[in-house]
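This is what each chain is made of:
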Amino acid sequence: RLIRDLQPEHITGQIIIMPMANFPAAQAGLRTSPIDGLNLNRIFPGNAHGTPSEMIAHFMETELLSGADYYLDIHSGGSSLEYIPVALYGDTDSPEAKQRQDILLDSLALPFALQSGADQYGWYTTSAAERNGASPLTIELGGNGQINHQHVILFHEALMRMLHAVGCLVEKRPEAATQSRRVKAVSEQRIYAYAEGLLEPLVNLGDDVSDGECVALLHDPSTPEKPSQEIIAPKGGVVLCQRVLAQVQRGDCLFELVSDI
């Protein structure tokens with residue numbers, strides 16, 4: 001649909017689209033490539049003489065991102081998590097970069113815009129974009145290894161609005177009906193499993209959660225008479241993402257809550 005709408009007569013700038021940045025990993029349904037075991041979004045700036053994933057990272061940083069003005073990294077919640085459509089953006093001290101960032105966020109107008117922390121190691125694609133002078137955003141859409149038709153339509157319109165706003169698309173798109181709800185998260189709002197078992201969520205995406213509220217029960221199927229473990233939210237907020245698989249292991253992310261800025 002995107003390619004169909006981006007015919008030469010519609011475009012005023014240069015647009016580069018990579019449907020699958022790391023094809024071997026995408027084909028295997030994994031974050032890491034089965035060829036070299038690396039996660040592409042953790043190895044920038046890469047290595048021109050390294051493994052296949054490192055060479056992809058190096059090519060993206062030095063060839064595709066070189067001279068770019070804007071960069072959009074599109075993700076989903078993978079096989080285990082489901083997200084409300086959200087744009088993740090970082091802090092910037094530059095007034096010019098802040099203005100360009102606001103253009104992206106306001107034109108996309110996804111339900112949420114999450115202020116994310118800095119990449120201290122510089123190994124994400126967004127860090128690679130920043131090193132090349134581009135304004136980056138990361139998008140999380142749905143998850144659970146599924147295609148959500150409503151999310152496809154939502155993001156298609158959001159992306160077309162953004163391309164027009166940054167001067168790459170001739171045809172003006174309809175204005176967004178709403179603005180993004182700008183939010184932030186702290187470590188206490190990320191809830192993890194401390195034991196294995198079967199998860200029974202007690203809240204849904206978009207729900208408001210109070211401090212100390214029980215958001216799920218963890219059952220031990222090997223000992224049916226054992227009392228279920230309550231999963232407590234130390235700090236309340238809105239449920240931005242949650243685990244969709246019932247079976248959990250110690251360390252699995254169960255929920256992420258966010259608070260308004």
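Analysis parameters
Residues numbered from 1 in each chain as written. Predicted model: local features only at pLDDT ≥ 70, side-chain atom pairs only at ≥ 80, totals over all residues. Heavy atoms only, no water. Core = buried A, V, L, I, M, F, W, Y, C linked by side-chain atoms within 4.5 Å. Buried < 20%, exposed > 50% of the residue type's maximum accessible area, 1.4 Å probe, protein only. Helix = DSSP H or I, 4+ residues; strand = E, 2+ residues; numbered from the N terminus. Contact = heavy atoms within 4.5 Å. Pairing = 2+ DSSP bridges. Right-handed = clockwise from strand over helix to strand, strands pointing away. Phe/Tyr/Trp six-rings, centres within 6.5 Å; stacked < 30°, edge-to-face > 60°. Lys NZ or Arg CZ within 6 Å of the ring centre and 35° of its normal. Polar contact = N/O pair within 3.5 Å; in protein donor to acceptor, adjacent residues only side chain to side chain. Expected span 1.5 Å × (residues − 1). Salt bridge = Lys/Arg side-chain N within 4 Å of Asp/Glu carboxyl O.

1. Some words on the nonpolar core
And step 1. Leu-72, Leu-108, Ile-139, Phe-155 and Leu-163 are the most contacted members of the largest nonpolar core, which totals 21 residues.
And step 2. Elements represented by at least two residues in this core include exactly strand E2 (81–89), helix H4 (95–108), strand E4 (135–143) and helix H6 (149–165).
And step 3. The residues contacting Ile-139, other than those within four sequence positions of it, are Leu-72, Asp-73, Ile-74, His-75, Val-86, Ala-87, Leu-108, Leu-110 and Phe-155.

2. Remarks on the pairing of strand E3 (residues 112–115)
And step 1. Here E2 runs beside E3; their pairing, made up of 4 bridges, is parallel. Among the inter-strand pairings, Ala-87 is bridged to a residue of E3, identified as Ala-113.
And step 2. One crossover worth recording links E2 to the parallel E3 by way of H4, and it is right-handed.

3. What about the packing of aromatic side chains?
And step 1. Tallied over the entire structure, the rule returns 1 aromatic pair.
And step 2. Aromatic pair Tyr-121 and Trp-123: ring centres 4.8 Å apart, planes at 40 degrees, arrangement tilted.
And step 3. On the accessibility criterion, Tyr-121 (57% relative accessible area) is exposed.
And step 4. Residue placement shows Arg-100 over the ring face of Tyr-70; its charged tip is 5.2 Å from the ring centre.
And step 5. When the ring centre of Tyr-89 is taken as reference, the NZ or CZ atom of Arg-182 above it lies at 5.6 Å.

4. A word on the side chain of Gln-189
And step 1. Along the chain, the position of Gln-189 falls in the loop between strand E5 (181–184) and strand E6 (190–192).
And step 2. Looking at Gln-189, its side chain comes within polar contact range of the main-chain oxygen of Gly-236, at 2.8 Å.
And step 3. Those residues in contact with Gln-189, other than ones at most four positions away along the chain, are Lys-184, Lys-235, Gly-236, Gly-237, Phe-255, Glu-256, Leu-257, Val-258 and Ser-259.

5. A few points about H4
And step 1. Under the 1.5 Å per step criterion, the end-to-end length of H4 is 20 Å for 14 residues, consistent within 8% with the ideal 20 Å.
And step 2. Regarding H4, the residues found buried are Arg-100, Gln-101, Leu-104, Leu-105, Ser-107 and Leu-108.
And step 3. Where the residues of H4 are buried, they touch strand E1 (70–75), E2, E3, E4, H6 and E5.
And step 4. Positive phi appears at Ala-109, one or two residues downstream of H4, with a value of about 50 degrees.

6. Quick word on the pattern of salt bridges
And step 1. Applying the stated criterion across every chain yields a total of 11 salt bridges.
And step 2. Note that Lys-98 and Asp-102 form a salt bridge whose closest N and O atoms lie 3.0 Å from each other. Residue Lys-98 and its partner Asp-102 are both found in helix H4; the two are separated by 4 residues, about one turn of the helix.
And step 3. Across the pair Asp-102 and Arg-182 runs a salt bridge whose closest N-O atoms are separated by 3.3 Å. Here Arg-182 lies in strand E5 and Asp-102 lies in helix H4, a separation of 80 residues in the sequence.
And step 4. On the basis of relative accessibility, which here comes to 25%, the residue Arg-182 falls in the partly exposed class.
And step 5. Connected through salt bridges with shared partners, the residues Lys-98, Asp-102, Asp-106 and Arg-182 form a single ionic network.

By themselves, these observations are geometric and do not establish any function.
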